[in-house]
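Fold and geometry: a report
Spelled out from the first residue to the last, the chains are:
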Protein chains: 2
Amino acid sequence: MVETKRIRVSETLDEVDRILVAGLQADSRTTNSRLANAAGIAESTCVSRVRSLISRGIVTGFTAMVDPKSIGLGLQALISVNIRAGARTHIPAFRDSIRVMPRVVQVFFLGGSEDFIIHLSARDTDDVRDFVLENLSANPAVASTRTSMVFEHFYNGVAPE
Amino acid sequence: MVETKRIRVSETLDEVDRILVAGLQADSRTTNSRLANAAGIAESTCVSRVRSLISRGIVTGFTAMVDPKSIGLGLQALISVNIRAGARTHIPAFRDSIRVMPRVVQVFFLGGSEDFIIHLSARDTDDVRDFVLENLSANPAVASTRTSMVFEHFYNGVAPE
DNA sequence: AATGAAACATAACAGGC
DNA sequence: GCCTGTTATGTTTCATT
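By the naming in an unreviewed UniProt entry, chain A goes by Lrp/AsnC family transcriptional regulator and is assigned to Cryobacterium gelidum.

Structure (structure tokens):
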């Protein structure tokens, strides 16, 4: 007999969890005591709540935001990439290779008229051109690319309901 | 006599700074002692180095990454927006209003054939449609929108050179 | 699950090198 | 920038509800 496993894809967050998630998103280096205070729970409870959020996969990590301009990466671009119709089987391999290319901040894998959008953070326009030529145009699976300059970029995070 | 001010837009990071930035990006909740250890510097030095990175605007904040699926936002979309040629003066106001709309994870303001790209995290397709109709199509400044579904999304962060 | 208080660990600070 | 001692702060554990 074959059993079917139901994978839980959505957890319900209670009010306390929502406060903790929001607090950690606003400042992941806030102290446990402040978090506990904001949520109106005991510090010990707060520790186990936060651990639970992590182990349930709701909070997946903690990171520092870095201003690219301040480290010599003064230019950001979005690059749309289309894969050749006959080369669609190469998409998974190409995807994995893009992810780890230097200067790649994030990658979106899309359904629709474009296959990927790459968010690049570069030194200057030459740097962008080099990236496109060496990493994209040189690949025979790539049908076309389109580069747009990013004037401004805002990141809000994922707001819990 | 008029003096020209040179604005510093780029700081050079030494090897220690690079290790600290990378360490904080990998896990912003790591302890000061571990960071110091990784960088091979004293803990007291590490504290002042990290503060300096923050005050110089290199590290702009610390955040928690949240899995949208796990909180009921099972669908992500990128929405390209074009503003009407006659309504370009409304771009700044529109930009500010987009930033704070619910479900908006990030926004890119572009030069090129598109004016904005909005990264949305939504409950389902109805949720996406509601967003587009209520927040975009309803705005007379919006000429057109194009919605692509996001199959996968990777975030690497900004790698210091 | 949540709590409070004790025990423990970490970070911040100051003074001297 | 580093070290050390000291204080302040934050975290964890555990018995209890």
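**Overview of the interface of chain B and chain A**
With 62 residues of chain B in contact, the opposing surface of chain A contributes 62 residues. Between chain B and chain A, roughly 5,900 Å² of surface is buried when both sides are summed, and carbon and sulfur atoms account for 53% of that area. In this assembly, chain B and chain A are joined by 4 salt bridges. The shortest N-O distance in the salt bridge between Glu152 of chain A and Arg95 of chain B comes to 2.7 Å. At the boundary of chain B with chain A, the tally comes to 41 residue pairs in polar contact (both at pLDDT 80 or more). Counting residues per element, the ones that place at least two in the side of chain B that touches chain A are helix H1 (15–26), strand S1 (59–66), helix H4 (91–99), strand S3 (104–111), strand S4 (116–122) and strand S5 (142–155) of chain B.

**Notes on helix H5 (residues 125–137) of chain A**
Helical geometry: 3.6 residues make up each α-helical turn, so side chains three or four residues apart lie on a common side. All names here are of chain A. Turning to H5, its buried residues number three or more, namely Asp127, Val128, Phe131, Val132 and Leu136. Down the axis of H5, the smallest arc covering the buried residues is 135 degrees, so these residues share one side. Buried residues along H5 sit in contact with strand S2 (75–83), helix H4 (91–99), strand S3 (104–111), strand S4 (116–122) and strand S5 (142–155). Of the residues that open H5, the one with a side-chain oxygen 3.1 Å from the backbone nitrogen of Asp126 is Asp124.

**Details of the protein's contact with DNA strand C**
Near DNA strand C the following residues occur: Ile41, Ala42, Ser44, Thr45 and Arg49 of chain A together with Thr31, Asn32, Ser33, Val47 and Arg51 of chain B. Close to the protein, within 4 Å, the atoms of DNA strand C belong to sugar or phosphate groups at a rate of 71%. Take Thr45 of chain A: an N or O atom from its side chain is 2.7 Å from a phosphate oxygen of DNA strand C. Asn32 of chain B is positioned with one of its backbone polar atoms (N or O) 2.7 Å from a phosphate oxygen of DNA strand C. Elements supplying a minimum of two residues to the surface near DNA strand C: helix H3 (43–55) of chain A together with helix H2 (32–39) and helix H3 (43–55) of chain B. If you tally residues by element for the surface near DNA strand C, the top one is H3 of chain A, at 3 residues. Classifying every residue of the surface near DNA strand C by side-chain character gives 3 nonpolar, 5 polar and 2 charged.

What counts and how
- Residues numbered from 1 in each chain as written.
- Chains lettered and ligands numbered in written order.
- Predicted model: local features only at pLDDT ≥ 70, side-chain atom pairs only at ≥ 80, totals over all residues.
- Heavy atoms only, no water.
- Contact = heavy atoms within 4.5 Å.
- Buried area = accessible area lost by both parts, 1.4 Å probe.
- Salt bridge = Lys/Arg side-chain N within 4 Å of Asp/Glu carboxyl O.
- Polar contact = N/O pair within 3.5 Å; in protein donor to acceptor, adjacent residues only side chain to side chain.
- Helix = DSSP H or I, 4+ residues; strand = E, 2+ residues; numbered from the N terminus.
- Buried < 20%, exposed > 50% of the residue type's maximum accessible area, 1.4 Å probe, protein only.
- Arc of directions from axis to C-beta.
- Near = heavy atom within 4 Å.
- Nonpolar A, V, L, I, M, F, W, Y, C, P; charged D, E, K, R; others polar.

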